[in-house]
Amino acid sequence: MGFLSVIRRWALRDKMPIREISRRTGLSRNTIRKYLRADIVEPNFRTPTRPSKLDPFAEKLSGWLLTEQRKSRKERRTAKQMHADLVQLGFDGSYERVAAFVRGWKADRQHVMQTTGRGTFVPLVFQPGEAFQFDWSEDWATIGGERVKLQVAHIKLSHSRAFLVRAYLLQTHEMLFDAHWHAFRVFGGIPGRGIYDNMKTAVDRVGRGKQRDVNARFLAMTSHYVFEPEFCNPAAGWEKGQVEKNVRDARHRLWQVAPVFPDLEALNEWLEDRCKLLWAETAHGSLPGSIADAWEAEKAALMPLPTAFDGFVELSKRVSPTCLITFDRNRYSVPASFANRRVSLHIYPEQLVIVAEGAVICTHERIIERSHHKPGRVIYDWRHYLAVLQRKPGALRNGAPFLEMPDPFRQLQDQLLRKPVGDREMVDILSLILHHDEQAVLCAVEMALEAGVPTKTHVLNLLHRLVDGTPTDQPDVTPPSALALNKEPEANVSRYDGLRQGGARHAS
């Protein structure tokens, strides 16, 4: 541009001949005339079209890039991986050529998204009780003195914009079902439609258009609560923009001001109270009043709440010879009569229920450990091993499950195992809980220990008195240390002598 400016100044201002300008610049007179005649201020240079080795594969690579954009960020292939795939298809060009194509493709797509491809929307309006929106997010909170990564469920009514946030340790089916129940409980009813993205806990396969293979358990939940599920297009979060905004707003309205909690239950109670408080504080925007006012008006349009959906996930498990089943790197005990057999495990958010032969045989509190650096835990119930003890009483001495017995049983065991047949006696006492209330047996053992008579006979006597309602506090019958007789006994053998002489009759 500077060189062109000099030519124009010499010709137009200094009236210098074109021949002299050509001599000074080295340009031809025709070129100088072209610049002056067209009144060109800045030169334009056309980039010549040159063939590239990537041209035969450009359409293939563009299709790959479009497919990768629809995936989550963690699942996308890198440009190096796509270059390696192109090499397998016959491409012999460099990685830099592929990387330059990817950069140009992304720049063009970003330009389109910022103009007509994105930024043009149709405002949506929902009738009372028509729909709700659901989404997951990942957030952090301090629970029990430790910073924990949480999977957070967000449920929002589309009309009144009332919302509930509930935290879990995992993003699984049983957590999804539990989040719906608590949301409907707080909202006071169920809308007619639920709007979701294509989460794996709801959709097994995404088909063409709106075709979806819906998970069977998820479909059972929607049938129980009688609402219609609707799924967004892939990578189209704006189709449920209300709950997407709620995810963003919750970070500074909830998580940045959250205190320290002793457990997850306390956190969810705080979240529920905090959400209801925000309903009253936040203006609706489209309707007069606050979110709480709009929710009060919408409640009449919601379907009444039925009973809670039995939202468990069922797995088939084989019980080991040590009466244990394994789930999530932890092991849980099962009654010994089901050892080496198949049982059904019902997984709930907070507990595990083991079912066999059409009945519940035991339950355990569920242990969720997010850290994979810690070893798995073994959760025993010593009662499950009583059937084995009756056949193998010697296992009581070092049996791992019996370390968790109540203290009175442990104290009685320490005293009875000192006797030759104390292990058999202790097993008989423990087996009493199979026929009597455990607290009654425990009370009898405590009374026997206090009396200083830790024997099976005494425990049985006390237990029968407790069961029959007989008073156990009998009067003290211990004799005094010395006795005083009113009439001292006399040594008289005269009757014996009479028997010997036959002078008296006797019993024979």
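Residues numbered from 1 in each chain as written. Predicted model: local features only at pLDDT ≥ 70, side-chain atom pairs only at ≥ 80, totals over all residues. Heavy atoms only, no water.

Draft legend 1. Inspection of unusual backbone geometry at higher detail. Positive phi is not limited to glycine here, since C323 has a value of about 65 degrees. Counting through the fold element by element, C323 comes out in the loop between β8 (313-318) and β9 (324-327). Judged by its relative accessible area of 3%, C323 falls in the buried class. Of note, the phi angle at D328 is positive, near 50 degrees, even though the residue is not glycine. With respect to the helices and strands, the residue D328 is situated in the loop between β9 and β10 (330-333). (Helix = DSSP H or I, 4+ residues; strand = E, 2+ residues; numbered from the N terminus. Buried < 20%, exposed > 50% of the residue type's maximum accessible area, 1.4 Å probe, protein only.)

Draft legend 2. Structural view of the packing of helix α13 (residues 407-416) against helix α15 (residues 438-451). Two elements in contact, α13 and α15, have axes whose closest approach is 9 Å; the angle formed by their N-to-C orientations is 50 degrees. Relative to α15, α13 is oriented oblique. Note on packing geometry: the crossing formed by α13 with α15 is left-handed. Two secondary-structure elements touch here, α13 through P408, F409, Q411, L412 and Q415 and α15 through V441, L442, V445, E446 and L449. Considering only residue class, the contact of α13 with α15 consists of 7 nonpolar, 2 polar and 1 charged. (Axes fitted to C-alpha atoms, helices over the stretch in contact; angles between N-to-C directions. Parallel < 35°, antiparallel > 145°, perpendicular 65-115°, else oblique. Left-handed = near helix turned anticlockwise from the far one by under 90°. Contact = heavy atoms within 4.5 Å. Nonpolar A, V, L, I, M, F, W, Y, C, P; charged D, E, K, R; others polar.)

Draft legend 3. Just the pairing of strand β11 (residues 342-347), in detail. Burial analysis of β11 places 5 of its 6 residues in the buried class, which makes it a mostly covered element. Pairing geometry for β8 and β11, over 6 bridges, is antiparallel. For L315, the partnering residue across the bridge sits in β11 and is L345. Note: β11 against strand β12 (residues 351-356), 4 bridges, orientation antiparallel. Residue H346 lies in a different strand from β12, and its bridge partner there is V353. (Pairing = 2+ DSSP bridges.)

Draft legend 4. Looking closely at a negative patch on the surface. Taken together, the side chains of D263, E265, E269, D273, E350 and E365 define an acidic patch exposed on the protein surface. In this structure D263 comes out as partly exposed when scored by relative accessible area, which is 36%. (Patch = residues over 30% accessible without salt bridge, like charges linked within 9 Å, V, L, I, M, F, W, Y side chains within 5 Å. Areas by Shrake-Rupley, 256 points an atom, 1.4 Å probe, with all protein chains shown as cover. Salt bridge = Lys/Arg side-chain N within 4 Å of Asp/Glu carboxyl O. Lys, Arg positive; Asp, Glu negative; His and termini not counted. Charge placed at Lys NZ, Arg CZ, Asp CG, Glu CD.)

Draft legend 5. A look at the sheet that holds β12. Here 4 strands make up an open sheet; going across it, the order is β8-β11-β12-β13 and the pairing antiparallel. The sheet is open, and its two borders are formed by β8 and β13 (359-365), each paired with just one other strand. Strand-to-strand twist across the sheet, computed as the mean angle between neighbouring axes with direction ignored, equals 30 degrees.

Draft legend 6. Examining the pattern of salt bridges more closely. For the coordinates displayed, the defined rule picks out 27 salt bridges. In this structure, D178 engages R166 in a salt bridge whose closest nitrogen and oxygen atoms are separated by 3.5 Å. Of this pair, D178 sits in helix α7 (residues 173-187) while R166 sits in strand β3 (residues 163-168); the two residues are 12 residues apart in sequence, bridging distant segments of the chain. Among the residues examined, R166 registers a relative accessible area of 11% and is labelled buried. One salt-bridge network, held together by shared partners, links E68, K71, R77 and D85.

Draft legend 7. Structural context of a positive patch on the surface. On the surface, R19, R29, R33 and R37 cluster together to form a positively charged patch. Ranked by residues supplied to the positive patch, first place goes to helix α3 (residues 29-37) with 3 residues. Here R19 lies in helix α2 (residues 18-25). Taking relative accessible area as the criterion, R19 reaches 59% and is therefore assigned exposed.

Draft legend 8. Spotlight on the nonpolar core. In this structure, F134, L150, F187, Y196, W255, L267 and W279 are the most contacted members of the largest nonpolar core, which totals 50 residues. Contributing elements (two or more residues each) for this core: β1 (132-143), β2 (146-157), β3, α7, α8 (216-225), α10 (264-281) and α11 (291-298). Per-element tally for this core: the top contributor is α7, with 8 residues. Here W279 is in contact with A162, F163, V186, F187, S290, I291, A292 and W295, once residues within four sequence places are set aside. With 30 residues, the next largest nonpolar core counts Y385, I429, V441 and V459 among its residues. (Core = buried A, V, L, I, M, F, W, Y, C linked by side-chain atoms within 4.5 Å.)

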